[in-house]
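# Descriptive structure summary
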Amino acid sequence: EKIKYYNPRVSYDGINWWLTVGVERKESIPTQSKDGVGIDLGIKELAICSDGNMYRNINKDKYVRKLIKRKKRLQRCLSRKYEMNKVGKKYVKTKNIIKLEKHLLKLNHRISNIRYNYLHQVTTDIIKREPSFIVIEDLNVRGMMKNRHLARSVQEEGFSTFRNMIEYKSLLNGIEVVIADRFYPSSKLCNNCGYKKVDLKLKDRTYICPKCGYKKDRDLNAALNLIDYKKKG
């Protein structure tokens with residue numbers, strides 16, 4: 001197989017130098033052997049798939065929370081150092097401040113790399129199951145970021161990055177990706193009878209249909225509805 005490499009770029013992130021190269025190759029033959037999978041993204045858990053697979057929110061892990069706590073402590077320390085060395089209206093950088101900034105930059109990269117690596121692991125695991133198609137929601141990330149209660153969690157989860165990874169990895173493996181309409185009520189629909197529960201709240205973690213009595217985990221119910229979205233066309 002002939003692979004073409006093009007557009008090499010060199011970048012520096014403050015700590016490391018990176019070389020990125022574009023790769024051009026032939027399209028893969030679409031996979032037709034297995035069922036599709038619907039993916040519901042959330043705050044409590046990163047992703048719940050219609051086949052029952054669940055991927056945790058790594059930001060809730062003890063190690064990551066410890067790093068975030070250390071980052072906040074460093075930020076406060078750096079802020080105090082700047083105030084202590086303020087001359088008039090200008091902030092003066094001392095050797096200690098430069099040292100702290102370097103330490104903070106390394107810590108930021110460490111946290112970002114853990115999250116990015118985890119997204120790669122999750123998306124690769126989904127692709128390796130070779131679904132015939134993948135259905136994900138067209139989340140309004142900008143709108144979610146305007147909610148001060150959700151903004152930080154949405155940013156940490158990296159929904160946009162997750163979607164980008166799923167799309168390009170699916171393309172490389174010949175898997176169709178379907179983006180459900182932004183206004184499709186996947187969480188509010190009963191996967192058993194189709195009833196729309198308009199008064200469903202964020203705190204309701206179990207979906208209970210008042211019409212047919214169907215009970216299912218809220219996120220799993222949404223993932224199953226995403227599969228139906230593809231089937232209904």
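Further up the page is the structure itself.
Here's what I pulled together on the structure shown here.

Rules and cut-offs
Once a new chain begins, its residue numbering starts again from 1 and follows that chain's sequence as written. Per-residue local features are limited, in this predicted model, to residues with pLDDT of at least 70; the limit for side-chain atom pairs, both in listing and counting, is 80 or more; totals at the level of whole chains, interfaces and linings are taken over all residues. Computation of side-chain values covers all heavy atoms of the structure but excludes hydrogens and water. Here a helix means four or more residues in a row that DSSP labels H or I, a strand means two or more in a row labelled E, and each is numbered from the N terminus. Throughout, the radius of gyration refers to the C-alpha atoms, and the reference size of a globule is 2.2 Å times the residue count to the power 0.38. Burial here depends on accessible area, computed with a 1.4 Å probe over protein chains only, as a share of the maximum for the residue type. Under 20% is buried, over 50% is exposed, and the range in between is partly exposed. Any pair of residues with heavy atoms lying within 4.5 Å of one another is described as a contacting pair. Note that accessible areas follow from Shrake-Rupley with a 1.4 Å probe, and for residues the cover is restricted to the protein chains shown. When charges are counted, Lys and Arg contribute as positive and Asp and Glu as negative, whereas His and the chain ends are disregarded. Positions of charges follow a simple convention, taking NZ of Lys, CZ of Arg, CG of Asp or CD of Glu. Think of a patch as exposed residues, more than 30% relative accessible area, with no salt bridge, where like charges cluster within 9 Å and nonpolar side chains (Val, Leu, Ile, Met, Phe, Trp, Tyr) cluster within 5 Å. Just to be clear on terms, a salt bridge is a Lys or Arg side-chain nitrogen sitting within 4 Å of an Asp or Glu carboxyl oxygen. Among buried residues, the Ala, Val, Leu, Ile, Met, Phe, Trp, Tyr and Cys ones that are joined through side-chain atoms within 4.5 Å form a nonpolar core. Pairing of N or O atoms within 3.5 Å defines a polar contact, subject to two protein rules: one partner must be a possible hydrogen donor and the other a possible acceptor, and residues neighboring in sequence count only if both atoms are side-chain atoms. Pairs were defined over the aromatic rings of Phe, Tyr and Trp, the Trp ring being its six-membered one, requiring ring centres within 6.5 Å. Orientation was assigned from the angle between planes: stacked under 30 degrees, edge-to-face over 60, tilted for the rest. Should the NZ of a Lys or the CZ of an Arg lie within 6 Å of a ring centre and within 35 degrees of the ring normal, that charge is described as sitting over the ring. Only strands joined by at least two bridges in the DSSP assignment are considered to pair. For helices, the fitted axis covers only the stretch in contact; all axes are lines through C-alpha atoms, and the angles between them, taken along N-to-C directions, range from 0 to 180 degrees.

## Quick word on the overall build of the protein
- Assigned secondary structure in the protein consists of six helices and 11 strands.
- Since a compact globule built from 233 residues should have a radius of gyration of about 17 Å, the 22 Å found for the protein marks it as more spread out than a globular shape.
- Its C-alpha atoms give the protein principal-axis dimensions of about 70 × 55 × 30 Å.
- For the protein, with 233 residues in total, the buried portion stands at 34%.
- Long-range contacts, defined as pairs at least 24 residues apart, comprise 59% of the intrachain contacts of the protein with a sequence gap of at least 6.
- Just so you have it, the protein exposes about 15500 Å², and 52% of that area is on carbon and sulfur atoms.
- Separation of charge centres in the protein, based on 52 positive and 25 negative side chains, amounts to 11 Å.

## Let's talk about a positive patch on the surface
- Positive charge collects at one region of the surface, where K69, K72, R73, R76 and R80 lie side by side.
- Counting through the fold element by element, K72 comes out in helix α1 (residues 62–84).
- What makes K72 partly exposed here is its relative accessible area of 37%.

## A few points about the nonpolar core
- Core analysis: the largest hydrophobic core is formed by 32 residues, its most contacted members being I39, L46, I126, I134 and F162.
- Those elements that place two or more of their residues in this core are β3 (37–41), β4 (45–49), α1, α2 (95–128), β8 (133–137) and α5 (159–172).
- It is α2 that provides the largest number of residues to this core, a total of 10 residues.
- Not counting residues within four places of it along the chain, the set of residues in contact with F162 comprises I39, L41, L46, A47, L119, V122, T123 and I126.

## Observations regarding the side chain of S50
- Inspection of the secondary structure assignment puts S50 in the loop between β4 and β5 (54–56).
- By relative accessible area, S50 is classed as buried at 16%.
- At 2.8 Å, the side chain of S50 forms a polar contact with the backbone nitrogen of G38.

## As for the packing of aromatic side chains
- Scanning all chains against the criterion turns up three aromatic pairs.
- Taking 5.8 Å as the distance between ring centres and 90 degrees as the angle between the ring planes, the aromatic pair formed by Y82 and Y91 counts as edge-to-face.
- Here the guanidinium or amino end of K230 rests over the ring plane of F133, the centre of that ring lying 5.4 Å away.

## Thoughts on a nonpolar patch on the surface
- Taken together, the side chains of I3, Y5, V10, Y12, W17, L19, V21 and V23 present a nonpolar region at the surface, about 900 Å² in accessible area.
- By the element assignment, W17 lies in strand β2 (residues 17–24).

## What to know about the pattern of salt bridges
- One pass over the structure, following the stated rule, counts 11 salt bridges.
- The partner of E156 in a salt bridge is R115, and the shortest N-O contact between them spans 3.5 Å. Remark: R115 occurs in helix α2 and E156 occurs in helix α4 (residues 151–157); sequence separation between them is 41 residues.
- What emerges from the salt-bridge pattern is a single network uniting D138, R163, E167 and R182.

## Regarding the pairing of strand β1 (residues 4–12)
- Relative to β2, β1 runs antiparallel, the two sharing seven bridges. Of the residues in β2, the one forming a bridge with V10 is L19.
- Connecting the antiparallel pair β1 and β2 is a turn made up of four residues, with G14 showing a positive phi of about 100 degrees.

## Details of the sheet that holds β4
- Judged by pairing direction, the sheet is mixed, and its five strands sit side by side in the order β5-β4-β3-β8-β9 without closing on themselves. One side of each edge strand has no neighbouring strand; the edge strands of this open sheet are β5 and β9 (176–180). Across the sheet, the axes of successive neighbouring strands diverge by a mean angle of 20 degrees, strand direction being ignored.
- Both β3 and β4 contribute to a ladder of three bridges, which runs antiparallel. When the sheet's bridge partners are listed, D40 is paired in β4 with I48.
- Sitting on the sheet, α5 touches β3, β4, β8 and β9, and the angle it makes with β9 is about 145 degrees.
- Helix-sheet contacts for helix α6 (residues 218–232) involve β3, β4, β8 and β9, and the interaxial angle to β3 is about 135 degrees.

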